[in-house]
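A closer look at the structure
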Amino acid sequence: MIVHCAAYHDGHRIEAPEDPAGALAAARAAGPGGFVWIGLFEPTAEELGRVGKEFTLHPLAVEDAVSAHQRPKMEAYQGSLFVALKTLGYHSGGHVVTVGEVMVFLGSDFVMTVRHGEDSPLSGLRATLEQDSGQLRYGPSSVLHQVCDTIVDGYMDVASALQSDLDELEADIFSPGRVGRDTAGRIYGYKRQVMSVRRAVGPLVEPMLALERDTRFVRPEAAPYLRDVADHVARVNDQVEGMDRLLSDILNANLAQVSVQQNNDMRKISAWAALAAVPTMIAGIYGMNFEHMPELHQVWGYPAVLVLMLVVCLVLHRVFKRHDWL
């Protein structure tokens, strides 16, 4: 559905009908530099199709905007530019990254934003821009820059929150005695969240660079601002890739910890088994009930065998202890 529709000229909002066709006519009648800004939230194919006909949008772009679940990209059509971006939110309580989508249609005298998902950072953006006539004076390019900048700022916030949680995870995992069964599951859970961020940020690097160089739809005054956004995207992408590598290293280190712990446990089990094997062997020999056994009829024979068992066990225990097997 259409949630906002307004016309602007020379950086200021002007009186115009609330329907897209009427607002576009008012913007064009106001003179050069006039444009209309339309905001839609999860429109149906019929709703977006009607608006698309009014602004001669390409059918493929309209189809992408309706179906959503698009990879971040930029596509230029005759008379309009289509930019697809993903929005991110992070709920630190559950360590979950939520993903939404924003599609932007850009023309010489219009800009249209199509939002999907509840985690949208664009609420309040229109009011902020309307208070800054200097930005709106650049026309649709300024709206495109502010939309991209707001979304990328959200990326930076999510990346910072994830980095903070990963630092806590790393400290917890490598704390003494913290080799648990749930560790690998926690690491994989974080890797899934980082992968969600990578899918949003990684594919956006090239489109943002291309957007800054596009002179057909982007005014030269807005190019430096878009270049700054492209730089932020590249920085977040590097940070996210670093987090992914860190998680892989933590996982490998944890697996090594588990392997070392298992080896230690096996050594202890083997040592105790060896300690138990010595008296078992001696008792087994003297329990065979043969008539002719050494010291079988001596008074000191039974105590001597017990002492022998004790001495051998003590010697083995000391040897194992010295080599950290016990």
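Being a predicted model, the structure only gives us computed values, none of them experimental.

**With respect to the overall build of the protein chain**
A tally of regular secondary structure across the protein chain gives 10 helices and 7 strands. Taking 2.2 N^0.38 as the reference for a compact globule, 326 residues should give roughly 20 Å; the C-alpha atoms of the protein chain span a radius of gyration of 35 Å, well beyond that estimate. Across its three principal axes, the protein chain shows a C-alpha extent of roughly 125 × 35 × 30 Å. Looking at the 326 residues of the protein chain, the share that counts as buried comes to 43%. Across the protein chain, the fraction of contacts at a sequence separation of at least 24, relative to all contacts at a separation of at least 6, is 66%. With the model as given, the accessible surface of the protein chain reaches about 17,300 Å², and the carbon-plus-sulfur share is 56%. Distance between charge centres in the protein chain, computed from 28 positive and 40 negative side chains, equals 6 Å.

**Some thoughts on a nonpolar patch on the surface**
Together, Val307, Val311, Val315 and Val319 make up an exposed nonpolar region whose accessible area comes to about 310 Å². Following the sequence through the fold, Val319 ends up in helix α10 (residues 301-322). Residue Val319 is classed as partly exposed on the basis of its relative accessible area, which comes to 38%.

**Notes on the pattern of salt bridges**
Applying the stated criterion to the full structure yields 10 salt bridges. Note that Glu130 is salt-bridged to Arg13, the shortest N-O span being 3.0 Å. With Glu130 in helix α4 (residues 125-130) and Arg13 in strand β2 (residues 12-14), this residue pair connects regions lying 117 residues apart in the sequence. According to the relative accessible area criterion, Glu130 is partly exposed, its value standing at 29%. The closest approach of N and O atoms between Asp109 and Arg28, which form a salt bridge, is 2.7 Å. You can see Asp109 sitting in the loop between β6 (96-106) and β7 (110-116) and its partner Arg28 sitting in helix α1 (residues 20-29), a full 81 residues away along the chain. According to the relative accessible area criterion, Asp109 is buried, its value standing at 13%. Among the charged side chains, a salt-bridge network with shared partners connects Asp64, Lys73 and Glu75.

Each value, and the rule that gives it
- Residues numbered from 1 in each chain as written.
- Predicted model: local features only at pLDDT ≥ 70, side-chain atom pairs only at ≥ 80, totals over all residues.
- Heavy atoms only, no water.
- Helix = DSSP H or I, 4+ residues; strand = E, 2+ residues; numbered from the N terminus.
- Rg over C-alpha atoms; globule rule 2.2 N^0.38 Å.
- Buried < 20%, exposed > 50% of the residue type's maximum accessible area, 1.4 Å probe, protein only.
- Contact = heavy atoms within 4.5 Å.
- Areas by Shrake-Rupley, 256 points an atom, 1.4 Å probe, with all protein chains shown as cover.
- Lys, Arg positive; Asp, Glu negative; His and termini not counted.
- Charge placed at Lys NZ, Arg CZ, Asp CG, Glu CD.
- Patch = residues over 30% accessible without salt bridge, like charges linked within 9 Å, V, L, I, M, F, W, Y side chains within 5 Å.
- Salt bridge = Lys/Arg side-chain N within 4 Å of Asp/Glu carboxyl O.

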